[in-house]
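# Chains, contacts and geometry: an overview
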Amino acid sequence: MDESGRGARLFAEEALLGLLLPFWQVVIGAVVLVVLVLSVGRLARRGRSRMTTALLVTAAAIAGFAVIGVLLEG
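Residues numbered from 1 in each chain as written. Predicted model: local features only at pLDDT ≥ 70, side-chain atom pairs only at ≥ 80, totals over all residues. Heavy atoms only, no water.

### Comments concerning the overall build of the protein chain
Within the protein chain, the regular secondary structure consists of two helices and zero strands. Relative to its 74 residues, the protein chain shows a buried fraction of 0%. Of the roughly 6,900 Å² of accessible surface on the protein chain, a fraction of 73% belongs to carbon and sulfur atoms. (Helix = DSSP H or I, 4+ residues; strand = E, 2+ residues; numbered from the N terminus. Buried < 20%, exposed > 50% of the residue type's maximum accessible area, 1.4 Å probe, protein only. Areas by Shrake-Rupley, 256 points an atom, 1.4 Å probe, with all protein chains shown as cover.)

### Overview of a positive patch on the surface
The grouping of Arg 42, Arg 45, Arg 46 and Arg 50 at the surface amounts to a positive patch. For the positive patch, the leading source of residues is helix H1 (residues 6–46), giving three residues. Along the chain, Arg 50 falls in helix H2 (residues 48–73). (Patch = residues over 30% accessible without salt bridge, like charges linked within 9 Å, V, L, I, M, F, W, Y side chains within 5 Å. Salt bridge = Lys/Arg side-chain N within 4 Å of Asp/Glu carboxyl O. Lys, Arg positive; Asp, Glu negative; His and termini not counted. Charge placed at Lys NZ, Arg CZ, Asp CG, Glu CD.)

### Observations concerning a nonpolar patch on the surface
A cluster of nonpolar side chains, namely Leu 16, Leu 20, Phe 23, Trp 24, Ile 28 and Val 32, defines an oily patch on the protein surface of about 620 Å² accessible area. Note that Phe 23 resides in helix H1. Overall, the relative accessible area of 48% leaves Phe 23 in the partly exposed class.

So, in structure tokens, the structure goes:
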């Protein structure tokens with residue numbers, strides 16, 4: 001049977017997106033990493049007390065996201 005038509009085009013689009021997906025994940029990860037490095041540098045220049053507060057807020061956010069992830073998983 002010939003697989004041409006609307007269904008074949010849909011599979012081709014999904015295959016193309018499947019190939020591009022890892023590339024976009026790398027691009028997004030690189031942008032996040034650059035922003036993170038710049039913000040940590042700026043925060044470090046502001047002083048030790050701001051760094052402590054930022055670390056506590058970050059730790060609370062990570063713990064909160066982990067709890068939400070566990071609760072939504074089940």
